[in-house]
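Overview (structure and organization)
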Amino acid sequence: MKQVLFEEFKELIPQGKYNFIGEIGVHKCSTAKQLIAHFYSNSELIYYGYDIFEGRVDKAFHKSERNGKGPCYLQVATNTLDKVVEWYPNLRYKLFPGYTQDTLREIVFDFVYIDGGHSYETVMHDYAKVKDSKVIIFDDVQMPAIAKAVHEIQDTRPITFKKSVSKHLWAAIYNYCLLYTSDAADEEDSVDLGGRRI
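Residues numbered from 1 in each chain as written. Predicted model: local features only at pLDDT ≥ 70, side-chain atom pairs only at ≥ 80, totals over all residues. Heavy atoms only, no water.

A word on the nonpolar core. F9, I21, I36, Y47, L91, F111 and I137 are the most contacted members of the largest nonpolar core, which has 31 residues in total. Elements supplying a minimum of two residues to this core: helix 1 (3-9), helix 2 (30-39), strand 2 (45-51), helix 4 (74-87), strand 3 (91-97), strand 4 (111-114), strand 5 (135-138) and strand 7 (169-174). Not counting chain neighbours up to four residues away, the residues in contact with F111 comprise F9, I13, Y18, F20, I21, G22, L35, F39, V135 and I137. Within the second largest apolar cluster, 27 residues are counted, among which are I24, I107, V123 and I173. (Core = buried A, V, L, I, M, F, W, Y, C linked by side-chain atoms within 4.5 Å. Buried < 20%, exposed > 50% of the residue type's maximum accessible area, 1.4 Å probe, protein only. Helix = DSSP H or I, 4+ residues; strand = E, 2+ residues; numbered from the N terminus. Contact = heavy atoms within 4.5 Å.)

If you walk across this open sheet you meet the 7 strands as 3-2-1-4-5-7-6, and the pairing is mixed. The sheet terminates laterally at strand 3 and strand 6 (160-163), the two strands that pair on one side only. In this sheet, adjacent strand axes meet at a mean angle of 15° when their direction is disregarded. Sheet analysis places strand 4 next to strand 5, joined by 4 bridges and oriented parallel. (Pairing = 2+ DSSP bridges. Axes fitted to C-alpha atoms, helices over the stretch in contact; angles between N-to-C directions.)

In terms of burial, strand 2 is a largely internal element, 7 of the 7 residues being buried. With burial as the criterion, each face of strand 2 is covered, one bearing L45, Y47, G49 and D51 and the other bearing I46, Y48 and Y50. As paired strands, strand 1 (residues 20-24) and strand 2 are joined by 5 bridges and run parallel to one another. Each bridged residue has a counterpart across the sheet, and for I21 the counterpart in strand 2 is Y47. Traced from strand 1 through helix 2 to strand 2, the parallel crossover comes out right-handed. Taken together, the 7 bridges between strand 2 and strand 3 define a ladder with parallel strand orientation. The partner of G49 across the bridge, within strand 3, is L95. (Right-handed = clockwise from strand over helix to strand, strands pointing away.)

This part takes up the packing of helix 2 against helix 4. For the pair helix 2 and helix 4, the least separation of the axes is 10 Å and the interaxial angle reads 20°. Taken as axis vectors, helix 2 and helix 4 run roughly parallel relative to one another. Along this stretch, helix 2 crosses helix 4, giving a crossing that reads as right-handed. On helix 4, the residues that touch A32, K33 and I36 of helix 2 are T80, L81, V84 and W87. Partitioned by chemical class, the residues of the contact of helix 2 with helix 4 number 5 nonpolar, 1 polar and 1 charged. (Parallel < 35°, antiparallel > 145°, perpendicular 65-115°, else oblique. Left-handed = near helix turned anticlockwise from the far one by under 90°. Nonpolar A, V, L, I, M, F, W, Y, C, P; charged D, E, K, R; others polar.)

This part takes up the pattern of salt bridges. Taken as a whole and assessed by the stated rule, the structure comprises 5 salt bridges. A salt bridge links K10 to E7, with the nearest nitrogen and oxygen atoms 3.1 Å apart. Given a relative accessible area of 25%, K10 falls into the partly exposed group. On the accessibility criterion, E7 (38% relative accessible area) is partly exposed. E44 is paired through a salt bridge with R92; the nearest N and O atoms lie 1.3 Å apart. Of this pair, E44 sits in the loop between helix 2 and strand 2 while R92 is found in strand 3, placing the two residues 48 residues apart along the sequence. Taken as a pair, E44 and R92 share a single burial class, namely buried. (Salt bridge = Lys/Arg side-chain N within 4 Å of Asp/Glu carboxyl O.)

So, in structure tokens, the structure goes:
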């Protein structure tokens with residue numbers, strides 16, 4: 001996302017220790033680079049990215065999911081993240097190409113950004129798989145299908161909304177507070193999966 005927009009987006013992220021982050025809707029990894037730079041510390045950071053990539057290139061599919069950017073290629077995203085690893089040596093990552101209905105299992109992230117398919121069904125599916133994550137942020141909540149999904153979820157749990165100066169709308173779920181002291185952070189466990197590209 002544009003850097004000026006990312007500066008507003010960051011206000012939704014509580015201070016804390018994040019070792020395991022996810023992004024649904026990777027495209028060319030532009031936002032991935034921003035997220036990694038924001039969360040990276042000297043300790044290990046693991047990034048999981050999900051995208052259809054070149055698995056579906058027909059216009060009808062992207063129209064149904066309101067994917068205005070069109071398809072991207074897995075190799076492009078991989079090349080981008082390989083370069084990012086050179087800047088952040090304690091980063092490890094894994095990309096999952098294909099439908100999230102096939103690739104996204106139930107998983108708990110420290111932080112996850114939902115910006116994949118924009119249909120109501122896809123948003124609800126993706127949310128259901130990551131619903132226990134510590135911090136969940138939905139993108140493009142100004143879009144009717146996503147707004148419908150988010151407001152339905154809001155019936156069951158508190159949601160924080162943030163509108164940017166440019167009228168972009170996000171929604172955030174905080175499953176518990178991530179504020180911490182340095183001693184508490186040092187005692188937290190990190191995920192050990194081995195290797196830079198997982």
